[in-house]
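# Architecture at a glance
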Amino acid sequence: GCNRGKEEKKKKESIFDLSKYIDKPIRVKFQGGREASGVLKGFDPLLNLVLDGTIEYMRDPDDQLKLTEDTRQLGLVVCRGTSVVLICPQDGMEAIPNPFIQQQDG
């Protein structure tokens, strides 16, 4: 019948468990290209996030996909879950060499 859809909706669990990142620094990417990092203080099943000590990484005005060295202090913020694209631990962001670039032979 019609009731099945309602029951499934009620059991909506969060896609992944963010509780292990509570009080730890994380980095968040948003739709539209903004990036910020801060200490995760809270979240809900819709992935709305509360971050403290938040820093936004400013983008290059000429190339919105490129981050500059500039940052902006935002402090305590609530991130809307619908605009969050990516969440990762701050210490897990390390640059790896691009395997697709042909190595120059000296």
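Residues numbered from 1 in each chain as written. Predicted model: local features only at pLDDT ≥ 70, side-chain atom pairs only at ≥ 80, totals over all residues. Heavy atoms only, no water.

- Taking an unreviewed UniProt entry as the reference, the chain is identified by name as U6 snRNA-associated Sm-like protein LSm7 belonging to Sphaeramia orbicularis.
- Among the UniProt annotations of the chain, the heading Function (unreviewed entry) holds the following wording: "Plays a role in pre-mRNA splicing as component of the U4/U6-U5 tri-snRNP complex that is involved in spliceosome assembly, and as component of the precatalytic spliceosome (spliceosome B complex). The heptameric LSM2-8 complex binds specifically to the 3'-terminal U-tract of U6 snRNA."
- Under Sequence similarities (unreviewed entry), UniProt gives the following word-for-word description of the chain: "Belongs to the snRNP Sm proteins family." (UniProt positions renumbered as here; feature names shortened; annotations may be inferred.)

### Overview of the nonpolar core
- By size, the foremost hydrophobic cluster in this structure holds 13 residues, and its most contacted members are V28, L49, L51, C79, V84 and I87.
- Mapped by element, the contributors of at least two residues to this core are β1 (25–30), β2 (35–43), β3 (49–59), β4 (67–79) and β5 (84–89).
- In terms of residue count, the dominant contributor to this core is β1 (three residues).
- In this view, L51 contacts I26, V28, G38, V39, L40, G75, L76, V77 and C79; residues no more than four positions away in its chain are not counted. (Core = buried A, V, L, I, M, F, W, Y, C linked by side-chain atoms within 4.5 Å. Buried < 20%, exposed > 50% of the residue type's maximum accessible area, 1.4 Å probe, protein only. Helix = DSSP H or I, 4+ residues; strand = E, 2+ residues; numbered from the N terminus. Contact = heavy atoms within 4.5 Å.)

### Describing the sheet that holds β2
- Overall, antiparallel pairing links the five strands, which are arranged β4-β3-β2-β1-β5 in an open sheet. Pairing within the sheet leaves two strands with one partner each, and these edge strands are β4 and β5. Each adjacent strand pair in this sheet contributes to an overall mean axis angle of 30 degrees, direction not counted.
- In terms of strand pairing, β3 meets β4 through eight bridges, oriented antiparallel. Along β4, the bridge assignment pairs L51 with V77. (Pairing = 2+ DSSP bridges. Axes fitted to C-alpha atoms, helices over the stretch in contact; angles between N-to-C directions.)

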